[in-house]
Structures are given as C-alpha cells and as structure tokens.
Amino acid sequence: MASDSAATLDSPELDSDGAVESVECREPADFYGPAARDSVGRFCRRFLDENALTATELLHNNRHQNALSNTPTFVAILGQVERVQNRKGALTPLVNEVARLTRERAKDNPPPELTPERYSQTAGILLGKGGLLGRFLVDAALAQHLIAERTFADKAKALLTLAEATEDADALAPIERLLADILSSEVGTASCAQDAAFPTLIDLIVTLAVADRPMPDTAPPVFRRLAALMARAAMPGLTDALIRAFRRDMARPHFFTIASAGDMHGIDAIQREILALSEVSSRLRRSEPGIDGAYLGGAKTEAALQRRTALLVNEDTIPEITKGRNLVQKLRVLFLLQKMPLSPSAARAVNAYLKGFFDARDFPGRILDCWKERGEKLKGLAEVQAMVAASAFPAEDRDWLCTQVDDIQSSFLRTQRILLPLTHTAKEDPHPDIVLDLVRLAGEGAFCKGKSRMAVARALYRQTHRPRFVRGFLLSAPSSKERLARVEWLRKSLAGVGVPFVDLPSRRVLVVDDEEGPRNFVASVLRDLGVAQIDTAADGQEALDRLLGQQGGDCDLVICDWMMPRRNGLEVLKRVRAVRPDLPFLMVTALATLDAVKQALAHQVSAYIAKPFTPDQLEEKIFLVLAQSGMVE
C-alpha cells in the first residue's frame, strides 16, 4: 500500500471519464505501486484528511492502520472497493496481511530517528537494504518522523527541514513523494496555504508549478520554502501534484472576483473573471506543445480550463462580456478569449464576433476614434496589428487582417501629412524635433508592419543622417557620455522600423585625391556630417603609407579618387583588399565607363560615385557603403 514515486492523483470528479480508477492488488507487494497508493488515497480520503495523514504514512505505520481499522467506515471502505473491483471478500485477508508485514518490518527494523544533519546518511543506509524493503524502511522512518505533527502544514515544514539539509537525489525522492501526497489533498493544500482565498491559492499553486515568477514575500512559509527547494532540485512528482491540485481546485464553485455593489447584472465581475482566467491559462500554456498537449498537465488541464470558461463564454454572453468598452478594449478582451481553452462552439462564436468588427465598413473610423492624440492613434493601430499577428486565426486570415490594419495606418500617415516634412518634396530640412518625435514613436513600436513601417523607415534613414540633424542632436550633446547615450537611444529606436544608424562622429575617414579642391570638398561634406577624424592623402602612395602604417587599422572608410600620380585608385584598392578585405572603399571617378566599373567590382570595391556630384549624393553613398559593409551601430 506504499508508493515508490510521486503519484498521479486526480479527484474522481476530475477524471476525464468521471470514473474512480482503482488498482487490483492481489499480493501485499502490489500495494506499493504508485497507482495502488493513489487508490488508497482516494478511498480513504475522509479518514486521511480528518487525521492529517497521507497514504504513504498510512501504509508504513501500524499505528495509523489500527486507527483506520477501528473506524466505523473501515468495513464500508473495503466493501466499496470490493464492489468496484467485483472481488467480494477478497480484500480483507489481503489488508490484514499488509498490516502483519508492517508490524514485522517495524519489529525487525525499528525506524531510526531522523535529524537534518544525518538524514542523507541514514536514508542511504536504509536504501542500501535494497529494492522494495529499502524504500519501505525509508518511508516508514519518515512516517515515524511525522507522527508528532498535527497538521499537514507542520508535516510539510518537518519534511522541508530534512530536504534543505541534503543534495542527495535518492534521499530527496521519498520526501518529494510525501510532499506530493500532502498537496494532493485539498485539506493538505489549504493547510500549507494557510487557508488562502481562492484567487491567492490558485496563484500560489501556479507560481510554484510553473516557476515563471518569484514567490511573493507575503506567501505562506511552506510555499516559499517549496519554491526554494524546487529551484534547487528537479521535482517532477511535486509539479504533477501541484497541477492536480490546480485542476481539483478549479472544479470547485469558487471565483476569482465578486460582483461590486454597482454591478447589478454582474457583467463587470464576469469580465474580470475572464481576464483572471485568461492570465492563468497563459501561464500554464507551454511555449512549445508537448506530446500530451499545449498545457502543463496535458489534456486534463486543458479540460479543466475549458469547463471553467464554458460557464462564462458562449454565443449569448460574448456581447455582454464586452459591454461598456470601446472598440479597442473589446478587441483586447476578444483576442484574450481566443487564446483561452474554449469549447469548439465558443471558439467559433468568438472568432465570428471578432471578424464582424474587422468586416464592418466603419471599422477604420471606429478604431481611430478610440484615441485622441495622433501618436496614440499610431501606437494603437500597431497594437491591434500585433494582436492580430499573435491571434489564433488561420495564417491566411492573420495576413489579410494585418494588411487591413496597415492600410488604415498608411492612409492615416498620408492624410495627416505626418511624413511630408521628411520627404524629398519638402522645401527644407525638417526641424530635428520633428524627426526625433518620429524616432521616439518608432522606438515605442508605433508603426505597423508593411507599407507604413517601410515609408517611415525610408524617411527616418534619410533624415537621421542629414548634417542638420547630426549637428543639432548629436554634436550638440554637452559631453561625450551624453553623445554616446543619444547614439544608443537612436540605434535602439530606429531598429524598431529596421533602420540601421551610422554613428559618423565616431568614424575615421581617409580622403585620397591629388587635387586639393575636390579633396577639400569631400572633407567639408564629411565635417558637415559630424565626422571629426578626417585624414587626407595627395596621391595613392601616400594613402597606402597611411593605411598600411601603424594607424591604418583605425580607418573606417576610404574615399579615393581613381586617376592619381604614383599609384592610382585601382592600385590602392588592390593593396587594401590584400590586408583589409572588409574595409569600406568608395571609389571616386570621372571614368564611369563599363570597363572601369568592372575593374573596380572585380576587386570588391564597396561602391563608386561619378564626378561631378552634389553633397547630397556623396552623403547618400557614404551611408550606403557603411551600412552595407556592417559599419553601423
């Protein structure tokens, strides 16, 4: 009647088929299997809970067995099991034999006293007896250790004190079995949780089972100590017991919330109940579905959640659940519902209700009316698209709905002329504050994937690298530390729309040209961009001396003329590629012929620009070269 491992116990009313499972034990040794111990716990539950006992203690201590046999219900328990198994008269002699063996084993091997300091060593000695006897003796010693404790919580504390003193997995296993037995009992769980209210109890159980957040400091001591133990050692049996406790308690007629005085029809309470249930469901959902289902504890956990949601969500209640909310609030609730374990009919009703909003002709206007400020409208639309993308709709429907939301935002950007100051058609560069406002929104994820984000990315890439912006935002920083902080903020924010940021003020550029005028022109454009480290060379040989010298490795970009004395640009490129194959190299040439281009490309030139060119054209080439070669933040 004892167990060797953590059982998988479900209350009879929680079994998927509604039946009480029992195991036919035909030999005394049969009582020591996990399933048999489960049956003992089920049929003797009332006696065990009244005496704060576990099935393991009952089956390993003759004192507890005598107490059970002296109860008026003992004969009725045996009779019930015999009827279930159709074995009239067969169990009484078998149970008596188990009791006799328990007495003999206790006489031949008196349970030793267990102390935290010697528990691991003592357990090792007892287990050394081998097989079933060794495991029996450890369980018997633990049962004797707990005999003076009067509550489940006290027993859990005594077991945890032993567990906290050992790292031995073999010594921890029998303690895990007993702790799992305690939590498999409704009375045991309530005792350990100090009779916490239903919402608190569920949160404690889920936090312990999932380990997705720290156990609160206000949690009962047993739960805090259990969390520490389970963080230190794998306890799959204990986790199983917690999930069974969750399923058992979720079947009780308790609620996460209660209706307030002003909530005459209980609608607000139902809404809050659904939100609470949705959070619990998401915490129990596996990141990757296992072989037994998408939830921790498998199909039985999903069924328990479905039974709870079935009381709240159906075709008739969905309008009431979303009553009194604006459109985006309705969508949030409905997308939460969609991810919950719903019955097929409820899932169809939720999906149809959601699609109804998106299919309505006035959807664009209604969704934009949910927010007042322009920035809030943009962020809200991005949120709606994100909810759609993460929804349970089929992939084809998700793509179509995401495109629909993107179209709404794209139209809003266009009609409100939000990007107009940043486009090529603008008469002058926009003020840096206008650019920064859009950068901030990009960092906050305000733009929908698709046309909207692409339009914003194009505008921001151009404007955040313009000289006026660089001077006004980066070079105006009061210190180098502040400038670096601004660069980091820009980099992270622009990444929200897929725009790389090139931090030119930190780059070192070599300008090579045999004519002073063009050389100075390129240098002036670089200075306008904020490049502080500009080196110049009057011919190819001087450029190679610099690049191949001690300081050459610090160079981040070469802008080199083609036609020069001593060594031309192509010869410089060949030598550079031999030692710095990844160095960005922009070739300047008046010979933009096909043969010239082919020669440069043959030696991996990063890009070329044909004379004459404007400052804007040069700026665009510089950023293109640096971005393509990975010289971005």
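The present account deals with the structure reproduced in this document. (Residues numbered from 1 in each chain as written. Predicted model: local features only at pLDDT ≥ 70, side-chain atom pairs only at ≥ 80, totals over all residues. Heavy atoms only, no water.)

Quick notes on the packing of aromatic side chains
Describing an aromatic ring pair means giving the distance of the ring centres and the angle of the ring planes. Formally: A pair of Phe, Tyr and Trp rings is counted when the ring centres sit within 6.5 Å of each other, with Trp represented by its six-membered ring. The angle between the planes then sorts it: under 30 degrees is stacked, over 60 is edge-to-face, the rest tilted. Numbering goes from the N terminus for both helices and strands, where a helix is a DSSP run of H or I of at least four residues and a strand is a run of E of at least two. Note on criteria: charge over ring means Lys NZ or Arg CZ within 6 Å of the ring centre, with the direction from the centre no more than 35 degrees off the ring normal.
Taken as a whole and assessed by the stated rule, the structure comprises 7 aromatic pairs. Geometrically, the ring pair formed by Phe521 and Phe613 is tilted, given 5.9 Å between the ring centres and 45° between the ring planes. Here Phe521, found in helix H27 (residues 516-528), pairs with Phe613, found in the loop between strand E7 (607-610) and helix H31 (615-628); they are 92 residues apart in sequence, far enough to count as distant. Positioned above the aromatic ring of Phe136, the side-chain terminus of Arg105 is 4.7 Å from the ring centre.

Quick look at the pattern of salt bridges
Our working rule: Any carboxyl oxygen of Asp or Glu within 4 Å of a side-chain nitrogen of Lys or Arg constitutes a salt bridge here. Buried, partly exposed and exposed residues are distinguished by accessible area as a fraction of the type maximum, computed with a 1.4 Å probe on protein chains only: under 20%, between the cut-offs, and over 50%, respectively.
Throughout the structure, instances matching the rule amount to 33 salt bridges. For the salt bridge of Arg37 with Asp181, the shortest nitrogen-to-oxygen distance reads 2.8 Å. Taken together, the positions of Arg37 in helix H1 (residues 34-43) and Asp181 in helix H10 (residues 169-184) put the pair 144 residues apart, joining distant regions of the chain. Each member of the pair, Arg37 as well as Asp181, is classed as buried. For Arg308, the salt bridge is made with Glu273, and the minimal N-O distance between the two is 3.6 Å. With Arg308 in helix H16 (residues 298-310) and Glu273 in helix H15 (residues 267-284), this pair connects stretches of sequence that are 35 residues apart. Like Arg308, the residue Glu273 is buried in the burial classification.

Remarks on the packing of helix H25 (residues 467-474) against helix H26 (residues 480-495)
The criterion, for reference: Orientation is described by axes fitted as lines to C-alpha atoms, over the contacting stretch for helices, and by angles from 0 to 180 degrees between their N-to-C directions. To sort the angles, those under 35 degrees are grouped as roughly parallel, those over 145 as roughly antiparallel, those from 65 to 115 as roughly perpendicular, and the leftovers as oblique. Here, residues are in contact when the closest pair of their heavy atoms is within 4.5 Å. Under this grouping Gly is polar, as are all residues other than the nonpolar Ala, Val, Leu, Ile, Met, Phe, Trp, Tyr, Cys and Pro and the charged Asp, Glu, Lys and Arg.
Closest axis-to-axis distance for the H25/H26 pair is 10 Å, and the angle between their directions is 125°. With respect to their mutual orientation, H25 and H26 come out oblique. Residues Phe469, Phe473 and Leu474 of H25 lie in contact with H26, whose contacting residues are Arg483, Arg486, Val487, Trp489 and Leu490. Within the contact of H25 with H26, the residues separate by chemical class into 6 nonpolar, no polar and 2 charged.

Some details on the nonpolar core
Let me state the cut-off plainly: Only buried residues count toward a nonpolar core, which is a set of Ala, Val, Leu, Ile, Met, Phe, Trp, Tyr and Cys residues joined through side-chain atoms within 4.5 Å.
Val313, Leu331, Ile367, Phe447 and Leu460 are the most contacted members of the largest nonpolar core, which has 144 residues in total. Sequence-distant contacts of Leu460, that is, excluding residues within four places in its chain, are made with Leu422, Val435, Leu438, Val439, Ala442, Leu494 and Val497.

Quick word on empty space enclosed by the protein
Note the threshold: In this analysis, the protein atoms alone were mapped onto a 1 Å grid. Cavities are point sets where a 1.4 Å probe fits without being able to get out; pockets are open sets with protein on both sides within 12 Å along at least five of seven lines; lining residues have an atom within 4 Å of a point. Grid points are joined across faces, edges and corners, and a volume is the space filled by probe spheres set on the points.
Following the criterion strictly, the structure yields 2 cavities of 30 Å³ or more and no others. In this structure, the second largest cavity spans a volume of roughly 30 Å³. If you trace the second largest cavity, you find it lined by Trp562, Met587, Thr589, Leu591, Ala596, Val597, Ala600 and Tyr608. Listing elements by their share of the lining of the second largest cavity, those giving two or more residues are strand E6 (585-589) and helix H30 (594-602). Residue contributions to the lining of the second largest cavity peak at 3 residues, all from H30. Partitioned by chemical class, the residues of the lining of the second largest cavity number 7 nonpolar, 1 polar and no charged.

As for helix H18 (residues 327-339)
So the rule is basically this: Residue count minus one, scaled by 1.5 Å, sets the expected span of a helix. We define a polar contact as two N or O atoms separated by no more than 3.5 Å, with the added condition that, inside protein, one atom must be a possible hydrogen donor and the other a possible acceptor, whereas residues neighbouring each other in sequence contribute only through side-chain atom pairs.
Taking 1.5 Å per residue as the helical rise, H18 with its 13 residues ought to reach 18 Å, and the 19 Å between its terminal C-alpha atoms agrees with that figure. N-cap assignment for H18: the residue whose side-chain oxygen lies 3.3 Å from the backbone N of Val328 is Asn326.

Focus: the sheet that holds strand E3 (residues 508-512)
Under the convention used in this document: Criterion used throughout: strands pair if DSSP finds at least two bridges between them.
Strands sit in the order E4-E3-E5-E6-E7 across an open sheet of 5 strands; the sheet is parallel. Looking along the sheet, the strands with just one partner apiece sit at the ends: strand E4 (533-537) and E7. Adjacent strand axes in the sheet meet at a mean angle of 20° when their direction is disregarded. Sheet topology note: the strand E5 (residues 557-561)/E6 ladder contains 4 bridges and is parallel. Looking across to E6, one finds that Cys560 is bridged to Met587. On top of the sheet, H27 reaches E3, E4 and E5; it is set at about 170° to E4, its chief contact. Contacts from helix H28 (residues 540-547) reach E3, E4 and E5 within the one sheet, and its direction differs from that of E4 by about 135°.

So, the packing of H18 against helix H19 (residues 344-359)
Quick note on the threshold: Throughout, a crossing is termed right-handed when the near helix is turned clockwise from the far one, and left-handed when it is turned anticlockwise from it by less than a right angle.
For the pair H18 and H19, interaxial distance at closest approach is 10 Å and the crossing angle is 150°. With respect to each other, H18 and H19 are oriented roughly antiparallel. You can see that H18 and H19 cross each other, and the crossing is left-handed. Across the interface between the two elements, Leu327, Lys330, Leu331, Leu334, Phe335, Leu337 and Gln338 of H18 pack against Val350, Asn351, Tyr353, Leu354, Phe357 and Phe358 of H19. For the contact of H18 with H19, a count of residues per class yields 10 nonpolar, 2 polar and 1 charged.

Remarks on the pairing of E3
Heads up, the rule is: Look down the strands so they point away from you; if going from the first strand over the helix to the second traces a clockwise path, that crossover is right-handed.
Extensive coverage of E3 is indicated by the burial of 5 of its 5 residues. Here 5 bridges tie E3 to E4, and the two strands are oriented parallel to one another. Counterpart to Val512 in the pairing with E4 is Ala537. Since E3 and E4 lie parallel, the crossover through H27 that links them has a hand, and here it is right-handed. With 4 bridges joining them, E3 and E5 adopt parallel strand pairing. Bridge pairing in E5 places Val512 opposite Cys560.

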